[in-house]
Structure formats: C-alpha cells, structure tokens
Amino acid sequence: MFAAFQAGAWRALAGRFQPDVVIGASAGALNAWTIASHVDPDLLCNFWLTLDQQVDAAPRLRWPRFVGDGVLDTAGLEALLRRVTAKYTPELPLGVTVCEGFRFQNRVYWDAEITVEHLLASCAVPGVLPAKRLEGGLSFDGGLRAACPVWVAEELGATEIVAIDAWTHLPWWWGVGRRKRADGPNVRRIQPPARLGPLRQSAVWNRGNMERWIAAGEAAAR
C-alpha cells in the first residue's frame, strides 16, 4: 500500500518530466507498468484510492502449499492484475526486478518478457505472498535486495535518474549485511520526510492512508 506514495509523486512529476525508461520493484512494478503505458496520473492515483472496490476477493489466510508459498491467498489480486495488464500496454521501455532463488539474486526482466507472473513475483514477500516460478526457478519480491532499483538504471548508463522511494520505513535489521551505496550526482531521490506508518499498514488497504500517502508523494515530488 505504500506504493500510493509513488502514485502521488508521479502526479506531480508527470507534467514536467518524461522518462526514457521506467523500472520498478515490488509494488513499484505495478506503478511502473501503468506509467510506461502512459496512463493518466489521476487514474493511477484513483487506482489506489479505490483498490477495495476493484479486488474481487480480499486476501485470505491459508496454509502454504509449497516451499516458497505464502500464507495469503492472492487470487483476487491476480485477477485484478490480469485486467490491468490486458487493458494497458507499456509504450516505454519497462524493467521489473525480482530476486531469484533462496539466495535472492537480483534479476531484471524487460518489456515483452514481462507478464502478470513477473509482476506478482516482484511483489512476493517471502512467507506472505506466493513466489512465482519464472524460467524454472522460484522468484521473490524484487525489493528484497534493493527496495528502489537504482542499480538497474546505473547499469544502463542513465545520465539522469529520478528514484521515487517509499521504503523509508524499513526496520533497522533490514540493513544488516547489506551495503548501501551512496547515490551518485545523477540520482534525484524522492522519498517521504518521515515514515509513512507501521509496516503492518503496508498490507491493509485504508482510504484515509491512501489519501495521506498520495498527498505526501505529491508534496515530496514538488
């Protein structure tokens, strides 16, 4: 749900900045798909504001069915994403990151490679949402190793990078064993001035939170 912050930020940026390529990780991959498809920013914000009306069935708890499965049944979310991807087609180059295998190795998929399964894999928090089998291996949340995939743009040789990073809420233990490289002079990072809320709020839709986070994204981007 914290990805609503990104939608608000994009609404402030869209009239001033047009990217050559869009890259997303985790829920940011869903936003990246719509941005690359030139969806009106107001429609993207409304997507998050009305998410409860669009999902056919709220996620339910279940016993994991296989190693790498999650405790939530995401059939309603999967159906929604199939409708979104059928309705909108990316017109800009699009990259979506996942973490492969149980060593969580970074990988990026591009353009025609990307399906609903790739978007769902990029959101698959281990133990919570089900991993997806891509090219023979289990793939998990693309934000596990790099919550904001600036590294992909850097590998492309991008000379100007705008990073909309909503993940400033991560607990202290998230960074243990991970090296955080300082942003280069070509990176402009837009992020909340303070934590959006407790981590549990990222998993529960609430219209009041959506409105606040979209407004916070607009303010930060301006």
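Here goes a summary of the coordinates provided. Quick caveat: nothing in here was measured; it's all calculated off a predicted structure.

Before going further, it helps to examine the overall build of the protein chain. Each helix and strand counted, the protein chain has eight helices and nine strands in total. Rg of the C-alpha trace for the protein chain: 16 Å, near the compact-globule value of 17 Å for 222 residues, within the 12% margin. In the protein chain, 71% of the contacts between residues at least 6 apart in sequence involve partners at least 24 apart. Approximately 11,700 Å² of the protein chain is accessible, and the part contributed by carbon and sulfur atoms is 55%. Positive and negative charge centroids in the protein chain, built from 24 and 22 side chains respectively, lie 7 Å apart.

If you check helix α8 (residues 207–221), its first and last C-alpha atoms are 21 Å apart, about what 15 residues at 1.5 Å a residue would give, namely 21 Å. Regarding α8, the residues found buried are Asn-209, Met-210, Trp-213, Ile-214, Gly-217, Glu-218 and Ala-221. Looking straight down α8, one finds its buried side chains confined to an arc of 165°; they lie on one side. Among the exposed residues of α8, those oriented more than 90 degrees off its buried face are Arg-212 and Ala-219. Considering only its buried residues, α8 is in contact with α1 (4–13), α3 (41–49) and β9 (187–190).

Now for the packing of aromatic side chains. Aromatic ring pairs are described here by two measures, namely the spacing of the ring centres and the angle between the planes. The tally for this structure, following the rule as stated, stands at five aromatic pairs. The interplanar angle of 65° and the centroid separation of 4.9 Å between the aromatic rings of Phe-2 and Trp-213 together place this pair among those described as edge-to-face. Residue Phe-2 is located in the segment before α1, and its partner Trp-213 is located in helix α8; the two are separated by 211 residues in the primary sequence. Judged by its relative accessible area of 2%, Phe-2 is buried. Their ring planes at 90° and their centres at 5.4 Å tell us that Phe-47 and Trp-48 sit as a pair that is edge-to-face. Looking at Trp-48, the relative accessible area reads 4%, which means it is buried. By way of ring pairs, the aromatic residues Phe-2, Trp-167 and Trp-213 are connected into one cluster.

Let us now look at the side chain of Asn-31. Here Asn-31 shows up in helix α2 (residues 27–36). Here the side chain of Asn-31 touches Trp-48 through a polar contact of 3.0 Å, side chain to side chain. Among residues more than four places away in sequence, those in contact with Asn-31 are Ala-3, Gln-6, Ala-7, Leu-44 and Trp-48.

For strand β4 (residues 94–100), the tally of buried residues reaches six of seven residues, placing the bulk of the element in the interior. Relative to β4, strand β1 (residues 22–25) runs parallel, the two sharing four bridges. Bridge assignment links Val-22 to a residue of β4, and that residue is Leu-94. As judged from the six bridges shared by β4 and strand β5 (residues 105–110), these two strands associate in the antiparallel manner. Each residue of the ladder has a partner; that of Thr-97, found in β5, is Val-108. Counted along the chain from β4 to the antiparallel partner β5, the turn is four residues long, and its residue Gly-101 has a positive phi close to 70°. Inspection of the sheet shows β4 paired to strand β7 (residues 137–140) by two bridges, in the antiparallel sense. The partner of Glu-100 across the bridge, within β7, is Ser-139.

Close contact between α1 and α3 brings their axes to 9 Å; oriented N to C, the two are set at 160°. Between α1 and α3, the angle falls in the class roughly antiparallel. For the crossing formed where α1 meets α3, the hand is left-handed. Along its contact with α1, which presents Ala-4, Ala-7, Gly-8, Trp-10 and Arg-11, the element α3 presents Pro-41, Asp-42, Leu-44, Cys-45 and Trp-48. Taken together, the residues of the contact of α1 with α3 sort by class into seven nonpolar, one polar and two charged.

Calculation rules
- Sequence order as written defines residue numbering, which begins from 1 separately in each chain.
- Only residues with pLDDT of 70 or above have their local features reported here, since the model is predicted, and side-chain atom pairs are shown and tallied only from 80 upward, although totals for entire chains, interfaces and linings are computed over all residues.
- Excluded from the side-chain calculations are hydrogens and water; all other atoms, namely the structure's heavy atoms, are used.
- A run of H or I in DSSP counts as a helix once it spans at least four residues, and a run of E counts as a strand once it spans at least two, with each numbered from the N terminus.
- Using C-alpha atoms as the atom set, the radius of gyration is obtained and then compared with a globule rule of 2.2 Å times the number of residues to the power 0.38.
- Throughout, a contact is declared for two residues whenever any of their heavy atoms are within 4.5 Å.
- Surface accessibility in these figures is a Shrake-Rupley result with a 1.4 Å probe; residues are shielded only by whichever protein chains are displayed.
- Here Asp and Glu are counted as negative and Lys and Arg as positive; His is not counted, and neither are the chain ends.
- Charged side chains are reduced to one point each, which is NZ for Lys, CZ for Arg, CG for Asp and CD for Glu.
- What a helix is expected to span follows from its residue count: subtract one and scale by 1.5 Å.
- Classification of residues uses two cut-offs on accessible area relative to the type maximum, computed with a 1.4 Å probe and protein chains only: under 20% is buried, over 50% is exposed, and between them is partly exposed.
- In this context, the arc is that of the directions from the helix axis out to the C-beta atoms.
- Ring geometry is summarised as follows: Phe, Tyr and Trp rings, the Trp one being its six-membered ring, pair when their centres sit within 6.5 Å, and such pairs are stacked at plane angles under 30 degrees, edge-to-face over 60 and tilted between the two.
- For the purposes of these results, a polar contact is taken to be a pair of N or O atoms within 3.5 Å, where, inside protein, one atom must be able to donate a hydrogen and its partner to accept one; residues adjacent in sequence count only when each atom of the pair is a side-chain atom.
- Pairing between strands is defined by DSSP: at least two bridges between the two strands are required.
- Lines fitted to C-alpha atoms define the axes here, with helix axes fitted over just the stretch in contact, and angles between the N-to-C directions of these axes take values from 0 to 180 degrees.
- For classification, angles of less than 35 degrees are called roughly parallel, those exceeding 145 degrees roughly antiparallel, those between 65 and 115 degrees roughly perpendicular, and all remaining angles oblique.
- Two helices crossing with the near one rotated counterclockwise from the far one by less than a right angle form a left-handed crossing, whereas a clockwise rotation gives a right-handed crossing.
- When residue character is reported, Ala, Val, Leu, Ile, Met, Phe, Trp, Tyr, Cys and Pro are called nonpolar, Asp, Glu, Lys and Arg charged, and the others, Gly included, polar.

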